[in-house]
Amino acid sequence: MKKSVLSQRKDDHLDIVLGADKTTAHADAGWAAVRFEHCALPELCLDSIDLSSSLLGMPLRAPLLISSMTGGAERATRINRHLAEAAQALGIAMGVGSQRVSLRSADDQGLTRELRRLAPDIPLLANLGAAQLREADGLDLARRAVDMLEASALIIHLNPLQEAVQPEGDRDWRGVLAQISALTAALPVPVIIKEVGAGISPSVARDLLAAGVQVIDVAGTGGTSWAAVEAERASTHADRAVAMAFADWGIPTPLCLQTLRRALPNSVLIASGGIRDGIDAAKAIRFGADLVGQAAGVLQAATESTEAVVEHFEIIIRQLRVACFCTGSRDLAALRRARLLAAGLDLS
């Protein structure tokens, strides 16, 4: 069966992100500039450290989210099944990739209520692009995205940079905020806003919260650069040159998270963008993240098996637990007060 243009685009995205020889630029997030002050006398039992958290009132065994990463390729069915089974086994949250293709075609890519059957006890997050809200049936698309998964919430992803450098991208974003406001009023589940790798500023975050958004995923620079991915897909020199100029565009995740937490002390924040391991996750929590998301880092494991995904995140959880132990933090609340050593960042 011939692939749709949208499905082929998603397949291209997966190939590029997975391709070790591709120039999928990862701008420096800046996590390496931050170090914890080591506690040589923690007075704790490592195995008793409490990593439990929650999202939207649903308990989690660790403060982790499998971030949105796929949505259009045929192999997404297998990937999504592995991720859902692993998230259930680990007791962590899962967000699916954009459901635009599955909503607009007969190919569901595994984005069905089967995922909820595989993961009945976790926050399972549906996903739709902000630009799709401007379409005539945008609100209906959003409702269908939630219904097709029995989702706990809906992620609306913001990707203006990617759309701007993509030849077939959505260029007209007028009225998107008003549509988000209408969506939060009409949808029976919470709305989460997520950038895809360029970050969210305090002023935009305030507008989103005023529009009824309940959770913000900062998704700053440091993870996959979607401008660089689109440069790889470009068919002309000019398109590639335009896209590559923005390969490191955006607000680095630590800075984005820090400024948002200061500006919005009571808001629920997810940190994604350049989270490589459990130490980065610990730093993100110290900077104010309620949850930490990872996407590209687990993608290879997701193509292999559920067991590979579980092993991947078990390593991150172990690293996070050791980071708590070596900062004298008995739980996540204590980790948020851990002392930091840093160069070039204001940590006051």
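These numbers come from a predicted model, not from an experiment.

### Some details on the overall build of the chain
Consideration 1: On a plain count of helices and strands, the chain comes out with 15 helices and 12 strands.
Consideration 2: Here the chain holds 348 residues, and the buried ones make up 54% of them.
Consideration 3: Looking at the chain alone, contacts between residues at least 24 apart form 78% of all its contacts between residues at least 6 apart.
Consideration 4: Looking at the chain as shown, the accessible area adds up to about 14,600 Å², and 52% of this sits on carbon and sulfur atoms.

### Topic: the sheet that holds strand 9 (residues 215-217)
Consideration 1: A barrel is described by the order of its strands in space; here eight strands give the closed sequence 4-5-6-7-8-9-10-11, paired in parallel fashion. When the angles between neighbouring strand axes are averaged without regard to direction, this sheet yields 25 degrees.
Consideration 2: The sheet contact formed by strand 4 (residues 64-66) and strand 5 (residues 93-95) spans two bridges and is parallel. The residue of strand 5 that forms the bridge with Ile66 is Met94.

### Thoughts on helix 11 (residues 253-263)
Consideration 1: Every buried residue of helix 11 is accounted for by Thr253, Pro254, Cys256, Leu257, Gln258, Leu260 and Arg261.
Consideration 2: Of the surrounding secondary structure, the elements contacted by the buried residues of helix 11 are helix 8 (202-210), strand 9, strand 10 (268-271) and helix 12 (278-286).

### Focus: the packing of aromatic side chains
Consideration 1: Taken as a whole and judged by the stated rule, the model has two aromatic pairs.
Consideration 2: Centroid distance Trp31 to Phe287: 6.3 Å. Interplanar angle 50 degrees. Geometry classified as tilted. Here the residue Trp31 occupies a position in the loop between helix 1 (5-18) and strand 1 (34-36), and Phe287 occupies one in the loop between helix 12 and strand 11 (291-294), the gap between them amounting to 256 residues. The burial state of Trp31 is the same as that of Phe287; both residues are buried.

### Digging into the pairing of strand 6 (residues 124-129)
Consideration 1: Of all six residues in strand 6, six are buried; the element is thus mostly enclosed.
Consideration 2: Burial of the side chains of strand 6 extends over both faces: Leu124, Ala126 and Leu128 are buried on one face and Leu125, Asn127 and Gly129 on the other.
Consideration 3: Bridge analysis of strand 5 against strand 6 gives two bridges, and the strand direction is parallel. Looking at the pairing, Met94 lines up with Leu124 of strand 6.
Consideration 4: As judged from the five bridges shared by strand 6 and strand 7 (residues 153-158), these two strands associate in the parallel manner. Across the sheet, Leu128 pairs through a bridge with Ile156, a residue of strand 7.

### Remarks on the pattern of salt bridges
Consideration 1: One pass over the full model with this rule turns up 14 salt bridges.
Consideration 2: In this structure, the salt-bridge partner of Glu114 is Arg117, at a minimum N-O distance of 2.5 Å. Placement of the pair is Glu114 and Arg117 together in helix 4 (residues 113-118), with a separation of three residues, close to one helical turn.
Consideration 3: A residue is classified by how much of its surface remains accessible, and Glu114, at 35% relative accessible area, is partly exposed.
Consideration 4: Using a relative accessible area of 55% as the deciding quantity, one classes Arg117 as exposed.

### A closer look at the pairing of strand 7
Consideration 1: Of all six residues in strand 7, six are buried; the element is thus mostly enclosed.
Consideration 2: Burial along strand 7 is two-sided: Ala153, Ile155 and His157 and Leu154, Ile156 and Leu158, pointing in opposite directions, are all buried.
Consideration 3: In this region the chain leaves strand 6, passes through helix 5 (residues 138-147) and returns to the parallel neighbour strand 7; the handedness of that crossover is right-handed.

### A word on the nonpolar core
Consideration 1: In this structure, Met94 and Leu154 are the most contacted members of the largest nonpolar core, which totals 86 residues.
Consideration 2: For this core, the element with the most residues is helix 14 (residues 306-325), which contributes nine residues.
Consideration 3: Once residues within four sequence positions are removed from consideration, Leu154 is found in contact with Ala126, Asn127, Leu128, Ala142, Ala145, Val146, Leu183, Leu187, Val189, Pro190, Val191 and Ile192.
Consideration 4: One finds Leu55, Leu65, Ile192 and Leu291 within the second-largest nonpolar core, a separate group that totals 11 residues.

### Comments concerning the packing of helix 13 (residues 296-304) against helix 14
Consideration 1: Running from amino to carboxyl end, helix 13 crosses helix 14 at an angle of 150 degrees, the nearest separation of the two axes being 7 Å. When the axis of helix 13 is compared with that of helix 14, the two are roughly antiparallel. When helix 13 is examined against helix 14, the residues Gly297, Val298, Ala301, Ala302 and Glu304 are found in contact with a partner set consisting of Ala308, Val309, His312 and Phe313.

### Structural notes on the state of the cysteines
Consideration 1: Considering all chains together, one arrives at zero disulfides under this definition.
Consideration 2: There is no disulfide at Cys39, and the cysteine sulfur nearest it, in Cys326, is 8.1 Å away.
Consideration 3: On the basis of relative accessible area, Cys326 is assigned to the partly exposed category, the value being 27%.

### A closer look at unusual backbone geometry
Consideration 1: Phi angles above zero are rare outside glycine, and Glu43 is one such case at about 55 degrees.
Consideration 2: Residue placement: Glu43 occurs in the loop between strand 1 and strand 2 (53-55).
Consideration 3: Glu43 gets classed as exposed once you look at its relative accessible area, which sits at 65%.
Consideration 4: In this structure, Glu150 takes a positive phi of about 50 degrees despite not being glycine.
Consideration 5: Note that Glu150 resides in the loop between helix 5 and strand 7.

### Comments concerning the UniProt feature "binding site: Mg(2+)" (unreviewed entry) in the chain
Consideration 1: Annotation from UniProt places "binding site: Mg(2+)" (unreviewed entry) at Glu163.
Consideration 2: Considering the arrangement of structural elements, one finds Glu163 in helix 6 (residues 160-165).

Reading guide: rules and limits
Along each chain, residues carry numbers from 1 onward, in the same order as the chain's sequence is written. Given that this is a predicted model, residues contribute local features only at a pLDDT of at least 70 and side-chain atom pairs are listed and counted only at 80 or more, while totals for whole chains, interfaces and linings are drawn from all residues. Hydrogen atoms and water are omitted, and side-chain values are computed over all heavy atoms in the structure. Put simply, DSSP marks the helices as runs of H or I at least four residues long and the strands as runs of E at least two long, and each gets a number from the N terminus on. In this scheme, a residue with accessible area under 20% of its type's maximum is buried, one over 50% is exposed, and one in between is partly exposed, where area comes from a 1.4 Å probe on protein chains only. Two residues qualify as a contact provided that any one of their heavy atoms is within 4.5 Å of a heavy atom in the partner residue. In this description, accessible areas are obtained by the Shrake-Rupley approach with a 1.4 Å probe, and a residue is regarded as covered only by the protein chains that are shown. Criterion used throughout: strands pair if DSSP finds at least two bridges between them. Interaxial angle, 0 to 180 degrees, is taken between N-to-C directions of lines fitted to C-alpha atoms, where a helix line uses only the stretch in contact. In this analysis, rings of Phe, Tyr and Trp, with Trp reduced to its six-membered ring, are considered paired at centre separations within 6.5 Å, and the interplanar angle assigns stacked below 30 degrees, edge-to-face beyond 60, and tilted for intermediate values. Any carboxyl oxygen of Asp or Glu within 4 Å of a side-chain nitrogen of Lys or Arg constitutes a salt bridge here. Orienting the strands away from the viewer, one traces the path from the first strand over the helix to the second; a clockwise path indicates a right-handed crossover. Residues belong to a common nonpolar core when they are buried Ala, Val, Leu, Ile, Met, Phe, Trp, Tyr or Cys residues joined through side-chain atoms within 4.5 Å. Relative orientations are named as follows: roughly parallel for angles under 35 degrees, roughly antiparallel for angles over 145 degrees, roughly perpendicular for angles from 65 to 115 degrees, and oblique for any other angle. Disulfides are defined in this document as cysteine sulfur pairs within 2.5 Å. UniProt positions are given in the numbering used here, feature names are shortened, and annotations may be inferred rather than shown by experiment.

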